[in-house]
Amino acid sequence: MCPIVDQQQRLRHKLPAGIVDASFASLATFAAGLAAVRWLQPAELGTYSVIFSAFLVGSLLPTELIYTPVQVSMIKLAVRERLGGIVHSLGKGVPPAMLGWIFILVAGSLIWWRSDPNAVAELAITGVGLTIVSPMQDHLRRGFHIAERSWGAALMSGSQLVAVVAALLVMRSTAVDPAWAPLGSLVIANTISLGFGLWMSRLAWRVRPTAPVVSVSGRWLAASSISAYGGTLAASVVMTLVAGPEIVGFAEAARVAAQPVLVVTTGVAAALAPRHLHAAATVDRTGAIKVNQSFFLVIAVAGLSYLFIAGFAWTFNPLFALIPLAYEVTFLVPVTILSNLALSATSPLRDQLIASNKEVPMARVDFASLVIPTAIAATAGVTGAYARPLGVIGQNVFRTLRYRSIWRSAFAARSE
């Protein structure tokens, strides 16, 4: 058996840690989103949705230009050396993170005339801060997974959850404008979590391994991710201009209600990441198929179960009382849950294509897919808040089908 496989924890020990990590991290984001849904007016909530989407796209620059290629290269090192390599690479992501501010500034400028200027400014300022600290925190957490110390990542995300709840409670009890709270609390929480993670990895600071050659093109990865995940940003901006920020506010409320689906997806993906990367690096087609089957089985069961529980406004749905705004548009939450499942389906294929150095054809697929959510968003005058989740479904069905074609050709060619 390969030494790398020998060093990896058994999946039954690693998977719970991955799910706990993703659960805490997602609950932290959920708490901030819940504060936005409950404290902001629908129009302000629509503005929050646009700025939050811009932050997500902006944070892809440091993640894909620097951090993801580093993570892929670290898998080639001995387990004891990986976290040290991750820690010493943290600062490299700061310059591209500053470039990520452009997406926030452009998005805020485009919706300025249809939104409350004060809300746009407050959300944009906190979004800029989050663009720097959040990718660093995510990178270090991912480093704990890659170093087979997944419970360290869970402790990081646990501290993030506690900090974001505490920050929200303090802001709520003071005279702080509500628009500062959602993203501002995440800035505080990510900073605290990052500091805690650095303290836990203090011994790894002494290990400065010789970095393996980075074989993945960060520029193509950034182009790929910005095209893929920029669809939601483009859709939100277009919907704001076509139908107003209130429509985007309803879509955002439904997104918050549907977010728990991504908890399992993110957790399973994080726990399986070393296996995805190793299967691709060793051209193990059978191993890759088994990992993918495990992933799809878990997210299908989790997604359909959540659809039954939280998809509709009924007595046993706890989110109906918590986020009533999400259920004001009939069937919007179920459609949004399905859109999250469609997005999740691309995760294992994407990891394996990156490790197979197929980021160039992958980026071309993602760039072509950007047309779908943008075009559907233009129909928001008719389709209303449904335009955004329908665009996500269409975009990610297209991506999955095209990814599968690239995946088959890559594994077949290299196996031969």
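Residues numbered from 1 in each chain as written. Predicted model: local features only at pLDDT ≥ 70, side-chain atom pairs only at ≥ 80, totals over all residues. Heavy atoms only, no water.

Considering the overall build of the chain
At step 1: Each helix and strand in the chain was counted, giving 21 helices and 0 strands.
At step 2: In terms of overall dimensions, the chain is globule-like: its C-alpha atoms have a radius of gyration of 20 Å, near the 22 Å expected for 416 residues.
At step 3: Projected onto the principal axes, the alpha-carbon positions of the chain cover approximately 55 × 45 × 40 Å.
At step 4: Looking at the chain as a whole, 57% of its 416 residues qualify as buried.
At step 5: The long-range fraction of contacts in the chain, counting pairs at least 24 apart against all pairs at least 6 apart in sequence, stands at 85%.
At step 6: Of the accessible surface of the chain, which amounts to about 16,600 Å², a share of 69% is contributed by carbon and sulfur atoms. (Helix = DSSP H or I, 4+ residues; strand = E, 2+ residues; numbered from the N terminus. Rg over C-alpha atoms; globule rule 2.2 N^0.38 Å. Buried < 20%, exposed > 50% of the residue type's maximum accessible area, 1.4 Å probe, protein only. Contact = heavy atoms within 4.5 Å. Areas by Shrake-Rupley, 256 points an atom, 1.4 Å probe, with all protein chains shown as cover.)

Concerning helix H10 (residues 181–200)
At step 1: With 20 residues, H10 ought to run about 28 Å at 1.5 Å a step, and its terminal C-alpha atoms sit 28 Å apart, in line with that.
At step 2: Within H10, the full set of buried residues consists of Ala181, Pro182, Leu183, Gly184, Ser185, Leu186, Ala189, Asn190, Ser193, Leu194, Gly197 and Met200. (Expected span 1.5 Å × (residues − 1).)

A word on the environment of Phe312
At step 1: Following the sequence through the fold, Phe312 ends up in the loop between helix H14 (285–310) and helix H15 (318–322).
At step 2: A sequence separation of 21 residues divides Phe312 from Val333, and the C-alpha atoms of the two residues are 7.3 Å apart.

Structural notes on helix H7 (residues 101–111)
At step 1: Considered for burial, the residues of H7 that qualify are Ile104, Ala107, Gly108 and Ile111. For H7, the angular spread of buried residues about the axis comes to 100°, placing them on one side. Among the exposed residues of H7, those oriented more than 90 degrees off its buried face are Leu105 and Ser109. (Arc of directions from axis to C-beta.)

Comments concerning the nonpolar core
At step 1: In terms of nonpolar packing, the biggest core is built from 104 residues, with Tyr48, Leu140, Val164, Leu183, Leu319 and Ile323 touching the most fellow members.
At step 2: At 10 residues, helix H8 (residues 117–146) tops the list of elements feeding residues into this core.
At step 3: Membership of the second largest hydrophobic core comes to 7 residues, among which are Val264, Val268, Leu272 and Ile299. (Core = buried A, V, L, I, M, F, W, Y, C linked by side-chain atoms within 4.5 Å.)

Quick word on the packing of aromatic side chains
At step 1: Overall, the coordinates contain 8 aromatic pairs when judged by the stated rule.
At step 2: On the numbers, 6.2 Å between centres and 85° between planes, the contact of Phe312 with Phe331 is edge-to-face. Of this pair, Phe312 sits in the loop between H14 and H15 while Phe331 sits in the loop between H15 and helix H16 (332–344), placing them 19 residues apart in sequence.
At step 3: Residue Phe312 is classed as partly exposed on the basis of its relative accessible area, which comes to 37%.
At step 4: Here the aromatic rings of Phe320 and Tyr327 are separated by 5.7 Å at their centres, their planes lie at 90°, and the arrangement is edge-to-face. (Phe/Tyr/Trp six-rings, centres within 6.5 Å; stacked < 30°, edge-to-face > 60°.)

A look at a nonpolar patch on the surface
At step 1: Side chains of Phe308, Ile309, Phe312, Trp314, Phe316 and Phe331 sit close together on the surface and give an oily, nonpolar patch of about 670 Å² of accessible area.
At step 2: On the basis of relative accessible area, Phe331 is assigned to the exposed category, the value being 52%. (Patch = residues over 30% accessible without salt bridge, like charges linked within 9 Å, V, L, I, M, F, W, Y side chains within 5 Å. Salt bridge = Lys/Arg side-chain N within 4 Å of Asp/Glu carboxyl O.)

Overview of the confidence of the model for the chain
At step 1: Summing up the model confidence of the chain, the mean pLDDT is 87 and the portion of residues at 70 or higher is 92%.
At step 2: Below pLDDT 50 for its whole length, residues 1–9 participates in 16 contacts with residues either more than four positions away or in separate chains. (pLDDT = per-residue confidence, 0-100.)

Considerations on the environment of Asn317
At step 1: With respect to the helices and strands, Asn317 occurs in the loop between H14 and H15.
At step 2: Overall, Asn317 belongs to the buried group, its relative accessible area being 3%.
At step 3: Along the sequence, Asn317 and Tyr306 sit 11 residues apart, while their C-alpha atoms lie 9.9 Å from each other.
At step 4: Not counting chain neighbours up to four residues away, the residues in contact with Asn317 comprise Ile309, Ala310, Phe312 and Tyr327.

Here we look at the side chain of Ser227
At step 1: With respect to the helices and strands, the residue Ser227 is situated in helix H11 (residues 218–243).
At step 2: Note on Ser227: relative accessible area 8%, which makes it buried.
At step 3: At 2.8 Å, the side chain of Ser227 and the backbone oxygen of Ala223 are in polar contact.
At step 4: Ignoring sequence-local partners within four residues, the contact set of Ser227 consists of Asp366, Phe367, Leu370 and Gln395. (Polar contact = N/O pair within 3.5 Å; in protein donor to acceptor, adjacent residues only side chain to side chain.)

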